[in-house]
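Each chain, letter by letter, is given below.
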Amino acid sequence: MTTNETPSQGNFIKQIINEHNRTGRYAGRVHTRFPPEPNGYLHIGHAKSICLNFGLAEEYGGKCNLRFDDTNPTKEEVEYVDSIKEDIRWLGFDWEDREFYASDYFETLYEYALKLIRDGNAFVCELTAEQIREYRGTLTESGRNSPWRDRPVEENLALFARMRDGEFPDGSHTLRAKIDMAAANLNMRDPVMYRILRAHHHRTGDRWCIYPTYDWAHGQSDSIEGITHSICTLEFEDHRPLYDWFVEKLGIHHPRQIEFARLNITYTVMSKRKLLKLVQDRIVDGWDDPRMPTISGLRRRGYTPEALRDFSDRVGVAKKESTIDVALLEHCVRLDLNAHASRVMAVLDPLKVVLTNYPEDRVEELEAINNPEDPAAGMRMVPFSRELFIEREDFMEDPPKKFFRLAPGREVRLRYGYIIKCEDVVKDKDGNILELHCSYDPGTKSGMPEANRKVKGTLHWVSAPHAVDAEVRLYEQLFAKENPDDVEAGQDFLVHLNPDSLRITRAKVEPSLAHASPATHYQFERKGYFTVDSKYGRPGSPVFNRTVTLRDTWAKINK
RNA sequence: UGGGGCGUAGCCAAGCGGUAAGGCAUCGGCCUUUGGAGCCGACAUGCGCAGGUUCGAAUCCUGCCGCCCCAGCCA
């Protein structure tokens, strides 16, 4: 789809691309890239960028590269590059053979720097970091030229070579672009291009002791790869004149940078720095903790690639800084899981029910539908017997008017089973409810004519002797505040941590779940979507993560 | 009080001079052996504010106001 017909369709990025295609700026070519720094795990904000970049390439019949912006060896690790690749693949995107690294271009970048020096557009500076800051000036006052700014070309060349050769200590010299210390845009005040840094790089090892800054490496990396549209976030908007300056001075391919607003979501934090702190302080169980907004965390939580891609489409692309309601994300998983997850019965907080008129040793196998949204999902058999577990919250001794569930003397339907009536409540001496004695109506088994009788509620249940014990992890938002960064002076986002973000329960689940395999999605009827944890749990003793609850109108009525 | 951006509903977001799409949320109703799902309906006389141009302005002009980003040898 190389839309020439409808140039004003779609988001502003597509409009720019359409205009380029109309005027032939890149000969109709669309080549994007996703450029992560391997210094942390990818989060859902990156997912938006991945979907955008790969999506645009696909839509316009172009390509999208994966390029690691690995210009700072002190923060980057292979663990991160591996996780990033896994996450992108899992999301469903393929960079084919186009896996690149900014470090692949270190030699080319060095040559480019030589050209700038020769043309009088860069110089070796001996100011310290602190002095550079002083010389830079302020937002309202222009800066001053470095005393080293007007060195002869030959001297710059010699010095730069010696920087590379390791003749100077870390931090003693830099290579700077010679632009304009009076520029209103601080990025143009002779920015640093190279710093001396003796650090082991995950790919180039100890070959280099000078490393290009991001500002120097990024635009040229895009240019080298023939990128047409360099999509990035808003904070790089004022860097664009600098990137433009570099490629113009170098006379190389000139990509068009387009900036969009990064994704924010309510009740969570998205900066890598903060996510790293949660991990390092052991507030969460690693980068893939199911409460983390990381792709690996969402995966473990039970989110699907389809849901995340759908979400990315729905949040839109614009330049307005925005915070998406987490309800939209939850809506997207529910949509996907509703269509694809098998229904099963699991009792999270068990209360025993004895059917006093049901034969002691009788066991029936009842037919249950796996997914009413998908007939192809078929049926399964669920055992039924005299002793069952139901959800404790599905019984109330003194129910309010709108309560449709079980109460003394009231009838309720057991899903796929019989209609039962509560005859007696058994309590201990402190008044705690131990179990319920109920009668069942033999003529109301699912499928029988009398089963059509109207009853207010239908409960899920598990046969006690057949029940499998399982650990179930109930998650809520990691933060209790819509905007965790909204803190008083002197506090940080951690003050808003939600103390109830994880609750672990021992549940009784139907026997078909005993050997559920990791990462399988289920709907626990009436409770929510749950996914078999891929880190904990063993065959026969599964651990389930609650992905999201079902929409609950009863809970709303109660508020 | 420098420079760069951004203001359309509770949250996102279309709209590009011809009379405010869509989604989420919310609120009603229908349906239902999941209080799920689905279906139907409601939800901006209004587009940050004030002027101006025009037969006609969210769209064009002027002036204000508000919010975000930039003074790393981080990305």
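This one's a predicted model, so the numbers in the text were calculated from it and none came from an experiment.

Teacher, can you tell me more about the pairing of strand β21 (residues 468-475) here?
For a regular strand, the rule is simple: side chains alternate between the two faces of the sheet. The element β21 is largely enclosed, with a buried count of seven among its eight residues. As paired elements, β21 and strand β22 (residues 502-509) share eight bridges and run antiparallel to each other. Bridge pairing in β22 places Glu 471 opposite Arg 506.

How do you make sense of the protein's contact with RNA strand B when you look at a structure like this?
The environment of RNA strand B is formed by 70 residues, the closest being Lys 320, Glu 321, Arg 343, Ser 446 and Gln 523. With respect to RNA strand B, the side chain of Arg 413 contributes an N or O atom lying 3.3 Å from a sugar or linking oxygen. At a separation of 2.5 Å, a base oxygen of RNA strand B approaches a polar side-chain atom of Ser 446. Counting residues per element, the ones that place at least two in the surface near RNA strand B are α5 (129-136), β6 (192-196), α11 (305-315), α12 (326-340) and α13 (553-557). When its residues are assigned to classes, the surface near RNA strand B shows 23 nonpolar, 21 polar and 26 charged.

Hey, could you run me through the domain arrangement of chain A in this one?
It is common to report an interface's size as the accessible area lost on association of the parts. Taken domain by domain, chain A consists of domain 1 (2-260), domain 2 (272-340 + 470-557) and domain 3 (344-466). Taken over C-alpha atoms, the centre of domain 2 sits 29 Å from the centre of domain 3. Each side of the interface is counted separately: domain 2 has 23 residues, and domain 3 has 27 residues. Here domain 2 and domain 3 share an interface that buries about 2100 Å² over both sides, 55% of which is from carbon and sulfur atoms. It is Glu 525, Arg 526 and Trp 554 that lose the most area in domain 2 upon contact with domain 3, and together they represent 34% of the buried surface on that side. Seen at the junction of domain 2 and domain 3, the total is four salt bridges. Between Asp 394 and Arg 526 there is a salt bridge, with the nearest N and O atoms lying 2.2 Å from each other.

Mind showing me how you'd approach α12 here?
Because each turn of an α-helix spans 3.6 residues, side chains separated by three or four positions in sequence point in the same direction. Look at α12: 22 Å from first C-alpha to last across 15 residues, which is about the 21 Å you get at 1.5 Å a residue. Contacts made by the buried residues of α12 are with α2 (44-59), α11, β10 (342-344), β23 (521-524), β24 (528-532) and β25 (543-549).

When you look at the pattern of salt bridges in this model, what are you seeing that I'm missing?
Counting across every chain of the model gives 48 salt bridges. A salt bridge links Lys 178 to Asp 150; the nearest nitrogen and oxygen atoms lie 3.9 Å apart. Placement of Lys 178 in the loop between β5 (174-177) and β6 and of Asp 150 in the loop between α5 and α6 (153-164) is noted, with a sequence separation of 28 residues between them. Between Glu 393 and Lys 527 there is a salt bridge, and its shortest N-O distance comes to 2.8 Å. Placement of the pair is Glu 393 in the loop between β15 (387-391) and β16 (411-414) and Lys 527 in the loop between β23 and β24, with a sequence separation of 134 residues.

Just checking my understanding: could you explain the sheet that holds strand β1 (residues 31-34) for this structure?
The strands making up a sheet are joined through hydrogen bonds of the backbone, oriented either antiparallel or parallel. Spatially, the three strands line up as an open sheet ordered β1-β2-β3, and their pairing is parallel. Looking along the sheet, the strands with just one partner apiece sit at the ends: β1 and β3 (99-101). Between one strand axis and the next, the sheet turns through 35° on average, direction left out of account. Bridge count for β1 against strand β2 (residues 63-68) is four bridges, and the pairing is parallel.

Got a minute to help me understand the packing of aromatic side chains in this structure?
Two numbers describe a pair of aromatic rings. These are the distance of the centres and the angle of the planes. If you walk through the whole model with that rule in mind, you get 25 aromatic pairs. Between Tyr 41 and Trp 287, the aromatic rings sit 5.1 Å apart at their centres with planes inclined by 15°, giving stacked as the arrangement. Of this pair, Tyr 41 sits in the loop between β1 and α2 while Trp 287 sits in the loop between α9 (272-280) and α10 (295-301), and the two are 246 residues apart along the sequence. Both residues of the pair, Tyr 41 and Trp 287, belong to the buried class. Where Trp 216 meets Phe 246, the ring centres are 4.8 Å apart and the plane angle is 75°; that geometry is what we call edge-to-face. Separated by 30 residues along the polypeptide, Trp 216 in helix α7 (residues 214-224) and Phe 246 in helix α8 (residues 240-250) bring together distant segments of the chain. Neither residue differs from the other here; Trp 216 and Phe 246 are each classed as buried. Aromatic rings pair up to connect Phe 106, Tyr 110, Phe 160, Tyr 194, Trp 208, Tyr 211, Trp 216, Trp 245 and Phe 246 into one cluster. If you follow Arg 144 out to its NZ or CZ, it ends over the ring of Tyr 135, 4.1 Å from the centre.

In this structure, what is going on with the nonpolar core? I would like to understand it.
Most often, soluble globular proteins keep nonpolar side chains buried together rather than apart. Residues Phe 160, Leu 175, Met 193, Tyr 194, Ile 210 and Trp 216 are the most contacted members of the largest nonpolar core, which totals 39 residues. For this core, the secondary-structure elements that each account for two or more residues are α4 (106-118), β4 (122-125), α6, β5, β6, β7 (210-212), α7 and α8. For this core, the element with the highest residue contribution is α4, accounting for eight residues. Those residues within four positions of Ile 210 in sequence are excluded, and the remaining contacts are Tyr 110, Phe 160, Met 163, Arg 164, Tyr 194, Arg 195 and Ile 196. Formed by 38 residues, the second largest nonpolar core is a distinct cluster that contains Ile 44, Ile 84, Ala 307 and Leu 329.

How should I be thinking about α11 in this particular structure?
Among the residues of α11, those classed as buried are Pro 305, Ala 307, Leu 308, Phe 311, Ser 312 and Val 315. Down the axis of α11, the buried set is contained in an arc of 165°. They therefore lie on one face. Gly 316 sits one or two positions beyond α11 and adopts a positive phi of about 80°.

In this structure, what is going on with the side chain of Ser 49? I would like to understand it.
Considering the arrangement of structural elements, one finds Ser 49 in helix α2. Judged by its relative accessible area of 11%, Ser 49 is buried. In this view, Ser 49 contacts Phe 34 and Phe 260; residues no more than four positions away in its chain are not counted.

Scoring rules and cut-offs
Throughout this description, residue numbers start from 1 for each chain and increase along the sequence as written. All chains are assigned letters beginning at A, and all ligands numbers beginning at 1, according to the order in which they are written. Reporting of local features is limited, given that this is a predicted model, to residues whose pLDDT is at least 70; pairs of side-chain atoms are given and counted only at 80 or more, and all residues count toward the totals for whole chains, interfaces and linings. Excluding hydrogens and water, the side-chain values take into account all heavy atoms of the structure. Buried residues are those whose accessible area, probed at 1.4 Å on protein chains only, stays under 20% of the maximum for their type, while exposed residues exceed 50% and partly exposed ones sit between those limits. Counting from the N terminus, the helices are the DSSP runs of H or I reaching at least four residues and the strands are the DSSP runs of E reaching at least two. Any two strands with at least two DSSP bridges between them are considered paired. If even one non-hydrogen atom of a residue comes within 4 Å of a molecule or strand, that residue is called near it. For the purposes of these results, a polar contact is taken to be a pair of N or O atoms within 3.5 Å, where, inside protein, one atom must be able to donate a hydrogen and its partner to accept one; residues adjacent in sequence count only when each atom of the pair is a side-chain atom. Each residue gets one label: Ala, Val, Leu, Ile, Met, Phe, Trp, Tyr, Cys and Pro are nonpolar, Asp, Glu, Lys and Arg are charged, and the others, such as Gly, are polar. Where a domain begins and ends is set by an automatic assignment or by a domain database. In what follows, a contact means two residues having at least one pair of non-hydrogen atoms within 4.5 Å. In this description, buried area is defined as the sum, over both parts, of the accessible area (probe of 1.4 Å) that is lost when the two are combined. Note on definitions: salt bridges are taken to be side-chain nitrogens of Lys or Arg within 4 Å of carboxyl oxygens of Asp or Glu. Helices are assigned an expected span. That span is 1.5 Å times one less than the residue count. Working convention: axes come from line fits to C-alpha atoms, limited for helices to the stretch in contact. Angles between N-to-C directions cover 0 to 180 degrees. Pairing of aromatic side chains here covers Phe, Tyr and the six-membered ring of Trp, requires ring centres within 6.5 Å, and sorts the geometry by plane angle: under 30 degrees stacked, over 60 edge-to-face, intermediate tilted. Here, over-ring charges are defined by two tests on the NZ atom of lysine or the CZ atom of arginine: distance to the ring centre within 6 Å, and angle to the ring normal within 35 degrees. For the purposes of this section, nonpolar cores are sets of buried Ala, Val, Leu, Ile, Met, Phe, Trp, Tyr and Cys residues that join through side-chain atoms within 4.5 Å. The arc in question is formed by the directions pointing from the helix axis toward the C-beta atoms.

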